[in-house]
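Spelled out from the first residue to the last, the chains are:
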Amino acid sequence: MWIVTLGYAMFAVYGLIVFLEYPLLPYFPYATLELLEHGSAILILGGLLAFFIALTRN
């Protein structure tokens, strides 16, 4: 069950990064925030892999 929790946590962190992108624009350069958002998309891949691992273990 901890694998599924880890997968959901990765999706949640990605959502938080996307959500905070616009409020942080006055404090960080646009290019930095855009790089962070697109770079954090790897969390989606990690979440999907965690779900596939959880499915194959049963």
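Residues numbered from 1 in each chain as written. Predicted model: local features only at pLDDT ≥ 70, side-chain atom pairs only at ≥ 80, totals over all residues. Heavy atoms only, no water.

Draft legend 1. Local environment of the overall build of the protein chain. Broken down by element type, the protein chain carries 3 helices and 0 strands. Starting at the N terminus and ending at the C terminus, the protein chain contains elements arranged as α-α-α. What you see for the protein chain is a C-alpha radius of gyration of 14 Å, clearly larger than the 10 Å of a compact globule of 58 residues, by over 25%. Principal-axis analysis of the C-alpha atoms places the extent of the protein chain at approximately 45 × 15 × 10 Å. (Helix = DSSP H or I, 4+ residues; strand = E, 2+ residues; numbered from the N terminus. Rg over C-alpha atoms; globule rule 2.2 N^0.38 Å.)

Draft legend 2. Representation of the packing of aromatic side chains within the structure. Evaluation of the coordinates by the stated rule reveals 2 aromatic pairs. Arranged with centres 5.2 Å apart and planes meeting at 75°, the rings of tyrosine 8 and phenylalanine 51 form a pair that is edge-to-face. Here phenylalanine 51 lies in helix α3 (residues 42–56) and tyrosine 8 lies in helix α1 (residues 2–20), a separation of 43 residues in the sequence. Tyrosine 8 sits in the exposed class, given a relative accessible area of 54%. Note on phenylalanine 11 and phenylalanine 51: the rings are 5.7 Å apart at their centroids and 20° apart in plane angle, and the pair reads as stacked. With phenylalanine 11 in helix α1 and phenylalanine 51 in helix α3, this pair connects stretches of sequence that are 40 residues apart. For phenylalanine 11, a relative accessible area of 27% corresponds to the partly exposed category. An aromatic cluster of three or more residues is present, and its members are Tyr8, Phe11 and Phe51. (Phe/Tyr/Trp six-rings, centres within 6.5 Å; stacked < 30°, edge-to-face > 60°. Buried < 20%, exposed > 50% of the residue type's maximum accessible area, 1.4 Å probe, protein only.)

Draft legend 3. Here's a closer look at the environment of glycine 47. Within the element layout of this structure, glycine 47 appears in helix α3. You can call glycine 47 buried: its relative accessible area is 0%. Between the C-alpha atom of glycine 47 and that of isoleucine 3, which follows or precedes it by 44 residues, the distance is 9.0 Å. In contact with glycine 47, not counting residues within four places along its chain, are Gly7, Met10 and Phe11. (Contact = heavy atoms within 4.5 Å.)

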